[in-house]
Amino acid sequence: MKKIVVIGSSNVDTTLHVKDFPKPGETINAIEITSAGGGKGANQAIAAAKSGAETYFINRVGEDSEGGYITHQLKSYGVDTTYVQTTMGSKTGHAYITLNEAGQNDIIIDHGANYELTVEDIQAASDLFKDVDCVIAQFETPLEATIEAFKLAKKAGKITILNPAPAIDKIPEELLQYTDIITPNETESAKITGIQIKDNSTLATNAEKLHLLGVKNVVITYGDKGAYISSADIETLVPAYKVKATDTTGAGDTFIGYLASNLKADLSNFEEAAKIASRASSIAVQRLGAQPSIPTAKEVENAMEDDE
Ligand code: ATP
């Protein structure tokens, strides 16, 4: 069984369902208000756990009921929360999402305790890094903590996956130096490279630019068009599965959790692991929500058998 560590954010997502977005100064009524667990880190940890990996999450929550709710949710999906700590006097991260009837959203994040994860927190979990297969991180927690985690992982010869989301102005060179696989979506990739993605040729140029940053393996997820993978051995667009999407929230997080869980240590099955990840995401987009929509390994396996 694969062992995966995810360092990252956890939020409570509060979604205000509205007909149209309010204009500046306008007051409108919500149709419905819903709440669920979210945050890229927590979603990716749950995806890894649902895909069958022994999964550990390193994170900070606030001293409030939301922190307890998040920890409970993670545990219910099988994520080990030994390294989820509470910051006294802080609030748990919260995302306020406005979702209109066309399926578009606006998101405002109160990062709360997510930004209080420290280098010392990572060092306190140092034994874990010697014992896992893969370490995953994003940009919703402090960069210094991620750099320390990747440094420990590489020292122990483990695979590191950087999901550079949300996009930041400049990724520190030290972090790139410890990154084995970078997984931006098309917008994040374009922000890093300065080249808009329109087709296979611009995907290839984006991948090339990402390699020039010093990262050997690149995955650019490209929504319903698929995922472009590029390494020393392979460069191809793994097409997305044709499905009717109802809610694409968490598609990228599902992809990353499944990719990490299915990759061999020498990355020799990069394309095959990306195909499984793509199949998992194609199931997630047909369901509502982020965390509840992530399929189990059995569901993905059955879907792939039915495809044959
Ligand atoms: P999100 O932020 O919504 O979680 P993302 O922008 O990080 O997603 P995407 O590139 O949209 O990530 O999607 C990740 C993967 O999910 C894609 O590479 C593809 O395999 C799959 N996917 C996304 N949207 C669809 C869709 N409409 N139909 C089928 N597969 C999809």
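In the annotation of an unreviewed UniProt entry, the entry for the protein reads Ribokinase, and the organism field reads Lactobacillus gallinarum. The record in UniProt for the protein states the following under Catalytic activity (unreviewed entry): "D-ribose + ATP = D-ribose 5-phosphate + ADP + H(+)".

(A) Region of interest: the site of the ligand. Lining the immediate surroundings of the ligand are 20 residues, of which Asn185, Thr221, Gly223, Gly226 and Thr248 lie closest. Between the ligand and the protein, one listed contact pairs an oxygen atom with a backbone N or O atom of Tyr222 at 3.4 Å. Interatomic distance of 2.9 Å between a backbone N/O atom of Thr248 and an oxygen atom of the ligand. Among the elements of the structure, helix H9 (251–262) and helix H10 (270–284) are those that each provide at least two residues to the shell around the ligand. Element by element, the count of residues in the shell around the ligand is highest for H9, at three residues.

(B) Region of the structure containing the UniProt feature "binding site: ATP" (unreviewed entry) in the protein. Under the UniProt annotation, the feature "binding site: ATP" (unreviewed entry) is placed at Asn185, Thr221, Tyr222, Gly223, Asp224, Lys225, Gly226, Gly252 and Asp253. Looking at the secondary structure, you find Tyr222 in the loop between strand S11 (217–221) and strand S12 (227–230). With sequence-adjacent residues up to four places away left out, Tyr222 is seen in contact with Glu186, Ile197, Lys198, Asp199, Leu203 and Ala227. Mapped onto the fold, Asp253 is located in helix H9. Excluding its chain neighbours within four sequence positions, the residues that come into contact with Asp253 are Lys40, Asn43, Gln44, Ala47 and Asn163.

(C) Region of the structure containing the side chain of Ser90. With respect to the helices, strands and loops of the structure, Ser90 is situated in the loop between strand S5 (84–87) and strand S6 (93–99). Of the residues examined, Ser90 reaches a relative accessible area of 13% and is grouped as buried. For Ser90, the side chain forms a polar contact with the side chain of Glu116, separated by 2.6 Å. Each residue touching Ser90, except ones within four places of it in the same chain, is listed here: Gly62, Glu63, Asp64, Ala113 and Glu116.

Procedures and definitions
- Residues numbered from 1 in each chain as written.
- Predicted model: local features only at pLDDT ≥ 70, side-chain atom pairs only at ≥ 80, totals over all residues.
- Heavy atoms only, no water.
- UniProt positions renumbered as here; feature names shortened; annotations may be inferred.
- Near = heavy atom within 4 Å.
- Polar contact = N/O pair within 3.5 Å; in protein donor to acceptor, adjacent residues only side chain to side chain.
- Helix = DSSP H or I, 4+ residues; strand = E, 2+ residues; numbered from the N terminus.
- Contact = heavy atoms within 4.5 Å.
- Buried < 20%, exposed > 50% of the residue type's maximum accessible area, 1.4 Å probe, protein only.

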